[in-house]
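Summary of the model geometry
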Amino acid sequence: MAFFDRFSTDIGIDLGTCNTLIYVRGKGLVLDEPSVVAVERLTKKVVAVGKDAKRMLYKTPGDIVAIRPLRDGVIADMDSCEKMIRYFISKVMPKHKVFRSMHMKIGIPSCITEVEKRAVQQAALKAGAKEVQVIEESLAAAIGAQIPIHEPAGHMVCDIGGGTTEVSVISLGGMVVTNAIRVGGDEFDEAIIKHIRSVHNLIIGQQMAEKLKIEIGNASVAPEKTIEKMAIKGTDAITGLPRSLEIDSVEVREALKDPVTQIVDEIKRTLGLTPPELAADIVERGIVMTGGGSLLKGLPKLISKETGVPVILVEKPLECVAIGAGQAFELFQDISSDRSIYDNLNS
């Protein structure tokens, strides 16, 4: 074990549709950058990765293309994803430690197929990992949120990422019930884009929609009933000329109604499938919300109102999956040691 600790590095990765976060055991969270790669169109040579590449998104000349390698929580472009992971690892790992073997745990949505799961593992192995394990996002999020998952009690976690939403009930270190849908922050952006085009004949980009979502986006009416407004710019769908428009928070809430309803319905469905004893624990302890999508204003309040269950938004929802994936190495190692005592008794 001493040899393993000295010559290996344990890394937890949240390989998200929108952002990639890396946690290194013993150091904590060391990287948080957009999951974007800019490459030359003909040679496929990498021009920029992460923050630098995101600035190029939808603004590149003809010979350069900015790519988001992941869509709906799964790899859409294997080559770009491998290059992106390799770049991020080289950025956070000192050069004199490159010889060390890297053991990775990567958070993945439970709704992806075995083929998609293997694609994640292969991309990490090609990027230099010696061993790659996957962990369900909601389980990693629960660990990162400091939930005592090994207790004989029910804990519900709702992780809303960029491409997927996963709702799970966890007890005794495993997932008793889990459901996932391919609805997340990206769907929020798309819903805003479609609404503004259909109602106002104005075409806006993904970055403008994201800004609108973050600044005045909401899922329920605020107690003070304040109506926020924001000016947006885009292209007139009829004339093709640039045009600006002012949008208020009430209209944005209406635009987001469909994807928000899908998430609420998924939480209700998961609660309906939960055994009564665990459901009683959840009513007492509440639903824990993680992921960037959970930061949508009023969403925790809406979910609590629709389900009748308290909702807790963790302090750093964006970081939970990466932190939990990294901490899972030590956590499950300790549990294995405890179980070995019972194995000896049964032998």
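Description of the structure in this document. Keep in mind it's a predicted model, so treat the numbers as computed, not measured.

1. Examining the side chain of serine 249
Looking at the secondary structure, you find serine 249 in helix α8 (residues 249–255). Not counting residues within four places of it along the chain, the set of residues in contact with serine 249 comprises Ile216, Asn218, Thr226, Ile227 and Glu228.

2. Description of the side chain of histidine 195
Mapped onto the elements of the fold, histidine 195 is located in helix α6 (residues 185–200). The class of histidine 195 is buried, set by a relative accessible area of 17%. In contact with histidine 195, other than residues within four places in its own chain, are His200, Glu251 and Ala255.

3. A closer look at the pattern of salt bridges
Overall, the coordinates contain 16 salt bridges when judged by the stated rule. For arginine 182, the salt bridge goes to glutamate 116, with nearest N and O atoms at 3.2 Å. Separated by 66 residues along the polypeptide, arginine 182 in the loop between β13 (174–181) and α6 and glutamate 116 in helix α4 (residues 114–126) bring together distant segments of the chain. On the basis of relative accessibility, which here comes to 32%, the residue arginine 182 falls in the partly exposed class. By relative accessible area, which is 21% here, glutamate 116 ends up partly exposed. With a closest N to O distance of 2.8 Å, aspartate 236 and arginine 243 form a salt bridge. What makes arginine 243 partly exposed here is its relative accessible area of 26%. Taken together, the shared-partner salt bridges connect Asp10, Arg25 and Glu330 into one network.

4. Section: the environment of threonine 9
You can see threonine 9 is positioned in strand β1 (residues 8–15). Look at threonine 9 and you get buried, because its relative accessible area is 8%. Separated by 120 residues in the primary sequence, threonine 9 and alanine 129 have C-alpha atoms spaced 9.7 Å apart.

Cut-offs applied
- Residues numbered from 1 in each chain as written.
- Predicted model: local features only at pLDDT ≥ 70, side-chain atom pairs only at ≥ 80, totals over all residues.
- Heavy atoms only, no water.
- Helix = DSSP H or I, 4+ residues; strand = E, 2+ residues; numbered from the N terminus.
- Contact = heavy atoms within 4.5 Å.
- Buried < 20%, exposed > 50% of the residue type's maximum accessible area, 1.4 Å probe, protein only.
- Salt bridge = Lys/Arg side-chain N within 4 Å of Asp/Glu carboxyl O.

In short, the description is geometric, and any link to function would need to be established separately.
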